[in-house]
Amino acid sequence: MTGRVALPLLLSLLLGEARAQRTVADPGYEVLLPDPDPAPAPGQKDDAGDAAESELTIASRVLSAAKQVTTVQEAPSIVTVITSDEIQSRGYRFINQALMTIPGWLDVQGAGNHLNIPLVRGTAQAALLLRDGVSMFDPVLNAAQFNRVIPLETIKRIEVVTGPGGVLWGANSFLGIVNTISKEAEDIDGIEAGVGYGDGDGSPQDFRAFALFGKAFAFRKGPKLRIVQHISYENYLASRQSGPLILQRSPAPQPPGPTVFGPTGSADPSRSYIVNIDGRISYGPVTLSYALPFGEMNNSVSFGNTLAVGPVDAMGERTGETAVNRLTLLDRYLVLGYKSRFLGERLGLDAKAYGIEFVRDIGAVTVPASAQLPRGLSFFAPVRSYRVGVTFDGDTTLPLRNRLLFGGEVFHEWVRETEVRFEGAPPERLPLACPLAAGSTLETPVYQPGCPLPFIFGASRTVIAAYLSDQFRPIPRLVLDAGLRYQVGLGARGYRKALIGGSGQLLGSASVVWNFYADMHLKVNYATGFRPPVFNNTDSNGAAVQFSGNRDLGNERSRAFQAEWNARLLKNIGPIRELQLRADYSYTLLDSLIIVSNGSYSNTAATSRNPDDRARRAIHSVEAAARLYLRDHTLSLGYTFLHIDTNDRGRLRSIPQHVVSLGAVVTLVPTYLEANATLNLTTGYDDPNRLRTSAVLLPGGAFGTLAPYSDLTFDRLPPQAILNLGLRSRFLRNRMWASVNFYNVLNQAYAHPDVFYDLTPTLETTPTPAPGWSFFMQVGGRPW
Amino acid sequence: MAGRAVLYLSLVLVWAGPAAAERSVALPGLSPAVDSYGLVLVERAQTARRWEVGAQLFLGYTHSPLRLSLTDASGAAGQHNLVRGQASVHLQLWLGLWSFLEVAASLRVAAHLYDEDALGEQVAVAAPPSMMAPLVPTTATGVYAGEPRQNTPLAGAGPLDPSLSVKGRIYRGRRFGVAALATVTLPLGNEASFMGEKSATFRPLLVGDVLLSRLSVAANLGAIIRAGSELRDQGSRDPMKPLLISIGHELYFALGVAARLHRVISAGVEAFGTAPFSGEKTFANVDMLGALYIYPRETLRMFALSGGGLIPESPLKNDFRVLLGISWSPRSGAAQPSSDGGPP
């Protein structure tokens, strides 16, 4: 208690003046924003209309993506907010389904079906995932947990920034930020529980149950104790996929070679499960939050779009065993935070200390089982990486209508040397230099079983960063914002080729937001970001199953010039409660992109041998969104136009140019029953692949087909119409609910965009299949 | 200026020639009236009030919309229902700009059932490899041979071409009305899977209607201006690959009659069709459907239609169609039944 008094006192002395005399009610300076949840004035009746208005206003608030409380309309960047109510009413099961509806974002899968990669402005692995403001960037693979591991029932809101956000968020906020904000104890106030089951080709035999407890305990003295505890369990099969089986290919680091296909078969991956145990305990300004997920996540399609087929007998018949084909992707973390405001609310401090374990457990099918290779060929590499660090953010009000955001961070991240082992084929048959067993000689070689080789070498990096961002409001309707960040990467894998001293990265941003008429704003924004090379780019072992690491890689950099018009119109006119509109144009430049070139990673354009000729990408994008609140109904529209040019591969034709997302939540019986629909439309796009131009005689007399390295095609991936429909009912005064949702109702068989856009396809030579239809029904409630 | 742009567009489309090799043609789908002032498939000479908005949702199914005589792998010709069925969802929105002028947009998606035996194969092995010839070339058969080689099969679902329309009321008397409609469809559908046109199309339409005491009669006459497309028998051993069907510019016509049976129920008959006026191996088509319209609330209209194709010679004659839908306009009485049985 003494400390809480002493700190504000010290700060007030440092800041000088008698500012302590000012109060929240009469601050003596321009209040930038209203209180997040304004209490009704005395005597004011909080009727249904006010409640509805308040709901819309709160939904447009940005609580943390901009590191300050602001509104979607006034935030200096392009921000979208998805609330927990929207998650439920639209029937989203995974975070990517929600992101897909945001203009500029697209849900795709890569590395077969192993990775869910939301594309931002057509760029893969460009989004920074934050859990309550803590970066979950995986320093080895940049494979974020944009998948079913994140339990959506614990999320209060998702705040999404489209465009770079490097000044506030530092490394890896390359083209987008996704901040999931967890529910507080008061949001739950009791126990919530739910259980559900679904099936269908897209998500077979999917069982999921969860329980969520939240309660705030008040004591006679001192602050409240808030406890949130969540546990969930999910057991499922990966999507059903079939196609011609790859019998032989030349995975990395082999030189490109032919791919041999056998008969058509179906994937039968092993069953998957995920257990999530997470929660938070708050006592006054101190919060301890944690997540301890564990499980095994098998997929039906592996690297190179190889189907995960279980073992077969000598006749080529399935034995009934399933195939282990997993990339288990879990983020385990412990965060201790302190957050409070001082000096009559004028100074805010938010400090966090955290430790994160990134589990990236790979057990992938490389060649599926066949009569020639009865158990197939798989490799196993349990990759674990870690990050520990502290972050510090503050905001304060300065004279002359300035508001200053400031802060910094220090963290250390590392990966230990990880071994890869092979199963399914004896070491002597592998196209690798397998290590010899003890006592063996080159004349009579005996190899170590499993051919253990380094998958990735040990690597580490220490990062120190500081930032300042000032918001100046010369007149009430105009906000100017400018910020700077300096970030240094030190240690064995410190930043290379950065702007200052080789290891320091300087970032800047500036914006103007003009409330030019009523609820209409114009926004012009310049933002920068960067993405340092992940350890798998710098320290992968090119003599195993990866491309060679390159320890001389520089940071990838992003810059965006963005303009936005937004408006909130037609408030309470007839049946219309509000119409929200926004239209953005952005020109984004990506520089020093890391690409695969000549068997290794490089920042150099694929068409050049000059190291100074860096790989670049220029993106024109138009993003528009509309949301109409009509009585109890909500209609939404999102539109994205993308035009992307690269300096080494020409026009990026593998990303759809037009994407439309239509959504509706229609109340059928007020307070009891509502229906939802989402229709995602994309125009066609191309995928550079190989053709099967020859039939070949296989051992045993069967014949297969062969796709030589030189037989290329641009597969024309057709336009898509992904329609999701659902019903949700609430009863017993909202204490119970039931829902059923159907996904990909039209059973559109489609393929994901090829994010590599490799014009001489080696990593991905066939279209990457996407899930078919599925349904999920669940019941739940808050009985206590 | 706008008129000149439309003229240029028409000329470009008129002069556009058919492609040499294709694997599909656009199926003649349902083209519902752009607003709920029409019957369902036949437009009426009525427009929305100023700033009036409305929406319509249709669910449709068409059985056997494409039936062709195709040559199979053995060289024998046989009749095949290449597209065995088409299920579709239409979403339409309209907005009145003035009391005499409205704009409308239509989004449509469809799912197809194909006759797998008739499609052919993407990767077919003409002769099995042997010890003497271990490597033999592959080929594509059936409709897959109509395009450069692809790894992607025909799509089972996808968007159809969306459309934008402008409807202007020219004359509206107590009994008689005349309007004009111009629609442009955008080639965003999957033209390689019978789900879209090869290019944008322009569809001018003249609309007339007569309102009698319990009866309304509406007639439409117009054209569909498009780049031609054709489908050839890729399985044929004739090196010229005989033309199976082509689609070019067409005359469009529609006629509908609706009668009021009860305060909330009307019934009617609606027919529409096309007659080609360019291209070879083209076919006329006429569909006739019986309709039931229900008006449960002032702002709501529900309807069900069922019928089928009438021209037996046409490969595009369907066996039957079913259409269910709902119209909703929160500000108007657009869905209200009038004394003539149709919308007011």
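Bear in mind the structure is a predicted one, so any value in this text is a computation, not a measurement.

Enquirer: Now, about the overall build of chain B: what can you tell me, with residues and values included?
Expert: If you tally the helices and strands in chain B, you get two helices and 17 strands. If you take every contact in chain B between residues at least 6 apart in sequence, the share linking residues at least 24 apart comes to 64%. Carbon and sulfur atoms form 66% of the exposed surface of chain B, whose accessible area is close to 14,400 Å².

Enquirer: Kindly report on the overall build of chain A, identifying the contributing residues and their values.
Expert: A tally of helices and strands in chain A yields seven helices and 47 strands. Since a compact globule built from 784 residues should have a radius of gyration of about 28 Å, the 27 Å found for chain A is in line with a globular shape. Taking the principal axes of its C-alpha atoms as reference, chain A extends roughly 90 × 65 × 50 Å. The proportion of buried residues among the 784 residues of chain A is 59%. Of the contacts formed within chain A by residues at least 6 apart in sequence, a portion of 68% connects residues at least 24 apart. A total accessible area of about 31,000 Å² is found for chain A, and carbon and sulfur atoms account for 61% of it. Distance between charge centroids for chain A: 3 Å, based on 73 positive and 71 negative side chains.

Enquirer: Residue-level account of the state of the cysteines, with values.
Expert: All names here are of chain A. All told, the structure shown has one disulfide over all chains when counted by the stated rule. The partner cysteine of Cys434 in its disulfide is Cys451, sulfur to sulfur 2.0 Å. Across the S-S bond of Cys434 and Cys451 the torsion is about -95°, and the bridge reads as left-handed. One end of the pair, Cys434, is in the loop between β24 (418–423) and β25 (453–456); the other, Cys451, is in the loop between β24 and β25, with 17 residues separating them in the sequence.

Enquirer: I'd like a rundown of the sheet that holds strand β8 (residues 155–162) of chain A, residues and numbers included.
Expert: Picture the strands of a sheet paired through backbone hydrogen bonds; they go either parallel or antiparallel. All names here are of chain A. The five strands are arranged β3-β8-β9-β6-β7 in an open sheet whose pairing can be described as mixed. Of all the strands in the sheet, the pair left with one neighbour each is β3 (78–83) and β7 (134–135). As paired strands, β3 and β8 are joined by six bridges and run antiparallel to one another. Pairing of Val79 across the sheet is with Val161, part of β8.

Enquirer: Hey, could you go over the interface of chain A and chain B for me, with residue numbers and the actual values?
Expert: Taken residue by residue, the interface counts 31 residues in chain A and 32 residues in chain B. When chain A packs against chain B, close to 2,600 Å² is buried across both sides, 68% of that on carbon and sulfur atoms. At the junction of chain A and chain B, the tally comes to two salt bridges. The interface formed by chain A and chain B includes 13 residue pairs in polar contact (both at pLDDT 80 or more). No other element matches strand β42 (residues 712–717) of chain A, which puts five residues into the side of chain A that touches chain B.

Enquirer: Account for the sheet that holds strand β40 (residues 694–697) of chain A, naming residues and giving values.
Expert: In spatial order, the strands read β13(A)-β14(A)-β41(A)-β40(A)-β5(B)-β4(B); together these six strands make up an open sheet with antiparallel pairing. The open sheet has two edge strands, β13 (242–248) of chain A together with β4 (124–125) of chain B, and neither has a second partner.

Enquirer: Lay out the pattern of salt bridges in plain terms, naming residues and giving numbers.
Expert: All names here are of chain A. One pass over the full model with this rule turns up 64 salt bridges over all chains. Among the ionic pairs, Arg148 bridges to Asp206, the shortest N-O distance being 3.2 Å. Placement of Arg148 in the loop between β7 and β8 and of Asp206 in strand β11 (residues 206–217) is noted, with a sequence separation of 58 residues between them. No difference in accessibility class separates Arg148 from Asp206, as the two residues are buried. Arg387 is the salt-bridge partner of Glu413, the closest N and O atoms lying 3.0 Å from each other. Residue Glu413 is found in strand β23 (residues 402–415), and its partner Arg387 is found in strand β22 (residues 377–398); the two are separated by 26 residues along the sequence.

Enquirer: Tell me what's going on with the packing of aromatic side chains, and back it up with residues and numbers.
Expert: All names here are of chain A. Within the structure shown, the criterion is met by 18 aromatic pairs over all chains. Relative to Phe455, the ring of Phe379 lies with its centre 6.2 Å away and its plane at 25°, an arrangement referred to as stacked. Placement of the pair is Phe379 in strand β22 and Phe455 in strand β25, with a sequence separation of 76 residues. For the pair shown, Phe379 and Phe455 are each scored as buried. Between the aromatic rings of Tyr386 and Trp414, the centroid separation amounts to 5.4 Å while the plane-to-plane angle is 25°, which identifies the pairing as stacked. Here Trp414 lies in strand β23 and Tyr386 lies in strand β22, a separation of 28 residues in the sequence. Assessed through its relative accessible area of 16%, Tyr386 is described here as buried.

Enquirer: Talk me through the side chain of Glu270 of chain B; I want residue IDs and the actual numbers.
Expert: Residue and element names in this part refer to chain B. If you trace the backbone, Glu270 turns up in strand β14 (residues 265–276). Notably, Glu270 is buried but unbridged: the nearest opposite-charge side chain belongs to Arg301, and the N-O separation is 6.5 Å. A polar atom in the side chain of Glu270 sits 3.2 Å from the backbone nitrogen of Val42. Those residues within four positions of Glu270 in sequence are excluded, and the remaining contacts are Leu39, Val40, Leu41, Val42, Leu255, Gly256, Asp287, Met288, Leu289, Ala291, Tyr293 and Leu305.

Enquirer: Tell me about the pairing of β11 of chain A, and name the residues and values.
Expert: Residue and element names in this part refer to chain A. Where strand β10 (residues 190–199) and β11 come together, nine bridges link them in antiparallel fashion. If you follow Gly196 over to β11, its bridge partner there is Arg208. Here β10 hands over to β11 after six residues, with Gly200 in that stretch at a positive phi of 120°. For β11 and strand β12 (residues 225–236), the ladder comprises eleven bridges, and the chain directions are antiparallel. Directly across from Lys215, in β12, lies its bridge partner Ile227.

Enquirer: Residues and numbers for the nonpolar core, please.
Expert: In terms of nonpolar packing, the biggest core is built from 85 residues, with Val178, Val420, Phe422 and Phe455 of chain A touching the most fellow members. Of the residues forming this core, the biggest block, six residues, is contributed by strand β21 (residues 347–367) of chain A. Contact partners of Val178 of chain A, with chain neighbours within four places excluded, come to Ile95, Leu99, Trp105, Leu128, Leu129, Leu130, Phe146, Ile158, Glu159 and Val160 of chain A. In this structure, Leu39, Ala48, Leu181 and Leu305 of chain B belong to the second largest nonpolar core, which totals 29 residues.

Enquirer: Would you mind going over the side chain of Ser229 of chain B in detail, with residue names and values included?
Expert: Residues and elements named next belong to chain B. Looking at the secondary structure, you find Ser229 in strand β11 (residues 229–232). Classification of Ser229 by relative accessible area gives buried; the value is 6%. Ignoring any residue separated from it by four or fewer positions in sequence, one finds Ser229 in contact with Glu22, Val25, Ala26, Lys198, Ile245, Ser246 and Ile247.

Enquirer: Could you give me a rundown of the environment of Arg280 of chain A, with the residues and numbers involved?
Expert: Residues and elements named next belong to chain A. Turning to its location among the elements, Arg280 is positioned in strand β15 (residues 272–283). Under the relative-accessibility criterion, Arg280 is labelled buried at 12%. Sequence-wise, Arg280 and His230 are 50 residues apart; in three dimensions their C-alpha atoms are separated by 9.0 Å. Beyond its immediate sequence surroundings of up to four residues, Arg280 is in contact with Asp132, Ser182, Lys183, Glu184, Arg226, Ile227, Val228, Thr287, Leu288, Ser289 and Tyr290. Looking at Arg280, its side chain comes within polar contact range of the side chain of Asp132, at 3.2 Å. A distance of 3.3 Å separates the side chain of Arg280 from the side chain of Glu184, its partner in a polar contact.

Enquirer: Pulling in residues and values, what's your account of the environment of Gly458 of chain A?
Expert: Residue and element names in this part refer to chain A. By secondary structure assignment, the location of Gly458 is in the loop between β25 and β26 (459–475). In sequence terms Gly458 and Asp539 are 81 residues apart; their C-alpha atoms lie 7.3 Å from each other. Among residues more than four places away in sequence, those in contact with Gly458 are Val415, Arg416, Glu417 and Asp539.

Enquirer: How would you explain the environment of Lys224 of chain A if you had to name every residue and give the values?
Expert: Residue and element names in this part refer to chain A. Locating Lys224 in the fold gives a position in the loop between β11 and β12. Between the C-alpha atom of Lys224 and that of Val161, which follows or precedes it by 63 residues, the distance is 32 Å. Beyond its immediate stretch of four places on either side in the chain, Lys224 contacts Glu186, Ala216, Phe217, Ala218, Ser282, Tyr283 and Gly284.

Enquirer: Quick one: what's the story with unusual backbone geometry, residue by residue and with numbers?
Expert: Residues and elements named next belong to chain A. Although it is not a glycine, Asn142 sits at a positive phi angle of roughly 50°. Structurally, Asn142 is set in the loop between β7 and β8. Even without glycine at this site, Leu732 takes up a positive phi of about 50°. For Leu732, the location among the structural elements is in the loop between β43 (720–731) and β44 (736–743). Here Leu732 falls in the exposed class, since its relative accessible area comes to 59%.

Enquirer: Quick rundown of a nonpolar patch on the surface? Include the residues and the values.
Expert: Residues and elements named next belong to chain A. A surface patch of nonpolar side chains, amounting to about 660 Å² of accessible area, comprises Val195, Tyr197, Phe207, Tyr233, Tyr273, Phe294, Met777 and Val779. Going through the elements one at a time, β10 and β47 (774–781) are the ones with two or more residues in the nonpolar patch. By the element assignment, Val779 lies in strand β47.

About the criteria used
Residues numbered from 1 in each chain as written. Chains lettered and ligands numbered in written order. Predicted model: local features only at pLDDT ≥ 70, side-chain atom pairs only at ≥ 80, totals over all residues. Heavy atoms only, no water. Helix = DSSP H or I, 4+ residues; strand = E, 2+ residues; numbered from the N terminus. Contact = heavy atoms within 4.5 Å. Areas by Shrake-Rupley, 256 points an atom, 1.4 Å probe, with all protein chains shown as cover. Rg over C-alpha atoms; globule rule 2.2 N^0.38 Å. Buried < 20%, exposed > 50% of the residue type's maximum accessible area, 1.4 Å probe, protein only. Lys, Arg positive; Asp, Glu negative; His and termini not counted. Charge placed at Lys NZ, Arg CZ, Asp CG, Glu CD. Disulfide = S-S within 2.5 Å. Pairing = 2+ DSSP bridges. Buried area = accessible area lost by both parts, 1.4 Å probe. Salt bridge = Lys/Arg side-chain N within 4 Å of Asp/Glu carboxyl O. Polar contact = N/O pair within 3.5 Å; in protein donor to acceptor, adjacent residues only side chain to side chain. Phe/Tyr/Trp six-rings, centres within 6.5 Å; stacked < 30°, edge-to-face > 60°. Core = buried A, V, L, I, M, F, W, Y, C linked by side-chain atoms within 4.5 Å. Patch = residues over 30% accessible without salt bridge, like charges linked within 9 Å, V, L, I, M, F, W, Y side chains within 5 Å.

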